Amino acid sequence: MTEATAEELGSTPETLDHPILADDRTAAWLGLKVLRLADGHATTTMTLREEMLNGFGIAHGGMIFAFADTTFALACNPHLGSADTITVASGVDVNFLRSGIPGRTLTAIADRRAQTGRSGLYDVQILQSVPGGEDEVIAEFRGRSRTVPKR
C-alpha cells in the first residue's frame, strides 16, 4: 500500500490534499480534513456543527452520508490523480447505528475490500468522539465503485 505524505501532496502535515477536493465545495462546507491517504484507503475528520442537525437536534443523516461518501471517493481515486479515469459510486448502503451529537468530532475510515477490473467494494466506518471515552461507531457505509473514462 502506498501512502501519501504531506510533502508529496504539497500539503501541511496537519491535513492532506487530494486532487478531487480542489473544486469540491461540499467537502469544504463540511469542514472535511484529510488525515491519511493510501492506495484504497482514506481517513478524514469533521466537526458536527449546528447547521448539520435535523429537527431532533442530532446529526442529519444526509450530513453523515455526505461525509462518508466523500471519504469513499478519496479512497477510490488515486491520491496523485489520474489523467484518464475517475472512480465513482455505483451504489451504496448505509446503516445508522447511533445519533451524531453536535460539537463532536467525526472520523471516517474508508478501506477497499475488493477490486475486480473496474469494480470495487469499500467499507467506511464513521465514528464520533466521546469526551473522556473511546470513539463510538455511529454509522457503517458500504460503497460499490466503478472506474470510468474521464469526460
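Everything in this summary refers to the structure shown in the same document. The structure displayed is predicted, hence computed values, not measured ones.

Thresholds applied
- Residues numbered from 1 in each chain as written.
- Predicted model: local features only at pLDDT ≥ 70, side-chain atom pairs only at ≥ 80, totals over all residues.
- Heavy atoms only, no water.
- Helix = DSSP H or I, 4+ residues; strand = E, 2+ residues; numbered from the N terminus.
- Pairing = 2+ DSSP bridges.
- Axes fitted to C-alpha atoms, helices over the stretch in contact; angles between N-to-C directions.

**A closer look at the environment of leucine 16**
And then number 1: Take leucine 16: it is sitting in the segment before helix H1 (25–30).
And then number 2: For the pair leucine 16 and threonine 44, spaced 28 residues apart in the sequence, the C-alpha separation amounts to 9.5 Å.

**Considering the sheet that holds strand S5 (residues 119–128)**
And then number 1: Reading across the sheet, the six strands line up as S1-S2-S4-S5-S6-S3 and stay open at both edges, with antiparallel pairing between neighbours. Sheet topology places strand S1 (33–38) and strand S3 (85–96) at the edges, where each strand pairs with a single neighbour. Taking the axes of each pair of neighbouring strands and ignoring which way they run, one obtains an average angle of 20° across the sheet.
And then number 2: Note that strand S2 (residues 41–47) and strand S4 (residues 105–116) share seven bridges and pair antiparallel. Pairing of threonine 47 across the sheet is with threonine 105, part of S4.

That is the geometry; function is a separate question.
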